[in-house]
Amino acid sequence: MTELEMHGQLMPAEVTAQCREKYYHVDVDPFTKKERLFFDNSGGSFRLKDASQRFQDVDDLPNCGGHGGAVSDYIDSLRGQASADLQTMFNAKDGCIVTSMTASIIIFDVSECIIENVPGTNVVTTQLEHPSAFDGCAAAAKKFGKELRVAKTDPRTGAIPVEEVLKLVDKDTCLLSVILTSNITGAIMDIETIVREARKIKPDLFIVCDSVQHTPHGLFDMQACPVDCVNFAPYKFGGIRGLGAGWISERVMNLPHRKLIEEKQSNWEMGGCAPAHYAELSAIFDYVCWIGKQFKDTEDRRELYLEGMERITLHERALLDRILHGSKEVPGVLDIPGVRCAVEMDNLAERDLIVPLIFDNKTCVEASRAYEAKGVVVHERTDDSLYSARQVNSIGVHGIVRVSPLHCHTFDDIDKFLKITAEIAAK
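Quick summary incoming for the structure in this document. Treat the numbers as computed from the prediction; the structure is a model and nothing was measured. (Residues numbered from 1 in each chain as written. Predicted model: local features only at pLDDT ≥ 70, side-chain atom pairs only at ≥ 80, totals over all residues. Heavy atoms only, no water.)

Description of the nonpolar core
Proteins that are soluble and globular tend to have nonpolar side chains buried together. To keep things clear, this is the line we draw: We call a set of buried Ala, Val, Leu, Ile, Met, Phe, Trp, Tyr and Cys residues a nonpolar core when their side-chain atoms join them within 4.5 Å. Partly exposed describes any residue whose relative accessible area lies between the buried limit of under 20% and the exposed limit of over 50%, with all areas from a 1.4 Å probe on protein chains only and scaled to the type maximum. The helix and strand labels rest on DSSP assignments: H or I over at least four residues marks a helix, E over at least two residues marks a strand, and numbering proceeds from the N terminus.
Within the largest apolar cluster, 71 residues are counted, with the highest numbers of intra-cluster contacts made by Phe90, Leu176, Phe220 and Val227. With 12 residues, helix 10 (residues 275-293) is the largest single contributor of residues to this core. Counting 39 residues, the second largest nonpolar core, distinct from the first, contains Ile184, Leu320, Leu418 and Ile424.

Okay, structure coming up:
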């Protein structure tokens, strides 16, 4: 593995500064008007100014799509562009876009549709799934009389080992649901190997992948990893709450599903989302392409998106390395007494920018409030919450403090965080 793959690389300072300018509320809390570090981007990221502006410009229009005329035609074109952008984002060659109020609804509904309509006696998922994916499998398996099989987490790494998944898949598995990146531990699953080897066991196996956590931080290629459904939440990618988006394969698209009787099979939207959300989706895509344009001279949108996401990934890996290992001047969390990382992070290429921390002298809630008092926003994920109990218990703890910066942060931001962490751990 190269130095770049191991430790990442910051974007040039001037590009990072321009990225920061494209978001709202990066440095200052909008309520207290005080400077703060917002390190809870896994819960809901900074908002892109352009996403908000495009949303408002379209949402203010009284016109409807499909009604004819210039404005109506423009509204119709937004869906076509958003669909093309999402298809390019995931490198999908067939199938269709799916939108709903949340990404959770998409993964839940698609899982139930597969379990109901595809022959098989069992469903396979993992302990690390978000409740929308896990419960989508569990509820439908119970409803249709199928066995639920759950692959276990490796507590050391916070990931699901490939062999743990494969030993549960057989010729009677109707659905395999595997999260791409854990929103608790930051571990990226080896989904390409899982898909390839699982389909050796059952060639026509249906596979869905919750990519909500990973999509803002890395690439997903449906040609290299041909799953049947991938989803993400734009509000974790600079976008606006109230929209979940995803892409489904042609064979899922053609399964019986909830729709108007005469509607075409490719419409899974039941009327569609607010047209302004389509404009927002394209604004997110355009932002990544803008980053790519700073490094690559091309007009090809797929190439620009690939380059932009690669730069985001490398920048965030460098931030992760800084959090863990610090510098000569500032110790990283691995060297600060009284605090530890809940899982081992030997290979940063297998991690998104999430650091789960545990303090010796404070509960997760106490630590989060201590950070808040010092102007740092993080979030505790504990087994008091239905959204994190199964996942944190699977790594052998009751909770963690989740630290999740973004690619517009800098080493200076990380160093401030580390100094505050040392102060909290020492008390």
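So, next bit.
Quick notes on the packing of helix 3 (residues 49-59) against helix 10
Here is the rule: For helices, the fitted axis covers only the stretch in contact; all axes are lines through C-alpha atoms, and the angles between them, taken along N-to-C directions, range from 0 to 180 degrees. The labels follow the angle: roughly parallel below 35 degrees, roughly antiparallel above 145, roughly perpendicular from 65 to 115, and oblique for the rest. The crossing is said to be left-handed when, going from far helix to near helix, the turn is anticlockwise and less than a right angle, and right-handed when the turn is clockwise. Any pair of residues with heavy atoms lying within 4.5 Å of one another is described as a contacting pair.
Their axes nearest at 8 Å, the elements helix 3 and helix 10 cross at an angle of 155 degrees. When the axes of helix 3 and helix 10 are compared, the pair comes out roughly antiparallel. At the point where helix 3 passes helix 10, the crossing takes the right-handed sense. Counted together, Asp50, Ala51, Arg54, Phe55, Val58 and Asp59 of helix 3 and Pro275, Ala276, His277, Ala279, Glu280, Ser282, Ala283 and Asp286 of helix 10 form the full contact between these two elements.

Some points on the packing of aromatic side chains
So the rule is basically this: To pair, rings of Phe, Tyr and Trp, with the six-membered ring standing in for Trp, must have centres within 6.5 Å; the planes then decide the type, stacked if under 30 degrees apart, edge-to-face if over 60, and tilted in the middle. Put simply, a charge is over a ring when the Lys NZ or the Arg CZ is close to the ring centre, within 6 Å, and near the line of the ring normal, within 35 degrees.
Across all of its chains, the model carries 11 aromatic pairs by this definition. Here Tyr23 and Phe46 contribute two aromatic rings whose centre-to-centre distance is 6.1 Å and whose plane-to-plane angle is 55 degrees, an arrangement assigned as tilted. In this pair, Tyr23 sits in the loop between helix 2 (13-21) and strand 1 (37-38) while Phe46 sits in the loop between strand 1 and helix 3, placing the two residues 23 residues apart along the sequence. On the basis of relative accessible area, Tyr23 is assigned to the buried category, the value being 4%. Cluster of aromatic residues (ring-pair linked, three or more members): Tyr23, Phe38, Phe46, Tyr287 and Trp290. Positioned over the ring face of Phe206 is Arg251, at 3.7 Å from the centre of the ring. Lying over the aromatic face of Phe134, Arg390 brings its terminal NZ or CZ to 3.9 Å of the ring centre.

As for the sheet that holds strand 7 (residues 229-232)
Put simply, the rule reads: DSSP bridges decide pairing: two strands pair if at least two such bridges lie between them.
Judged by pairing direction, the sheet is mixed, and its 7 strands sit side by side in the order 2-8-7-6-5-3-4 without closing on themselves. The sheet is open, and its two edges are formed by strand 2 (96-100) and strand 4 (147-151), each paired on a single side. Going across the sheet, the axis of each strand differs from the next one's by a mean of 20 degrees, ignoring polarity. Note: strand 5 (residues 173-179) against strand 6 (residues 206-210), 5 bridges, orientation parallel. Counted as the bridge partner of Ile179 is Asp210 from strand 6. Its contacts with the sheet place helix 4 (residues 70-89) against strand 2, strand 7 and strand 8 (244-248), and it is angled at close to 65 degrees to strand 8.

Digging into the environment of Gly218
Following the sequence through the fold, Gly218 ends up in the loop between strand 6 and strand 7. Assessed through its relative accessible area of 6%, Gly218 is described here as buried. Sequence spacing of Gly218 and Ile424 is 206 residues, and the spatial spacing of their C-alpha atoms is 32 Å.

Observations regarding helix 5 (residues 103-117)
How we decide: A helix is expected to span 1.5 Å for every residue after the first.
Between its first and last C-alpha, helix 5 extends 21 Å over 15 residues, near the 21 Å set by a 1.5 Å rise per residue. Buried within helix 5 are the following residues: Ala103, Ile106, Ile107, Val110, Ser111, Cys113, Ile114 and Ile115.

Let's talk about the pattern of salt bridges
Convention followed: Any carboxyl oxygen of Asp or Glu that lies within 4 Å of a side-chain nitrogen of Lys or Arg is treated as forming a salt bridge with it.
Under the definition given, this model contains 29 salt bridges. In this structure, the salt-bridge partner of Glu307 is Arg311, at a minimum N-O distance of 2.9 Å. Here Glu307 pairs with Arg311, and both are found in helix 11 (residues 301-325), just 4 residues apart, close to one helical turn. Glu307 gets classed as buried once you look at its relative accessible area, which sits at 16%. When salt bridges with common partners are traced through the structure, they connect Asp50, Arg54, Asp85, Asp286 and Arg301 into a single cluster.

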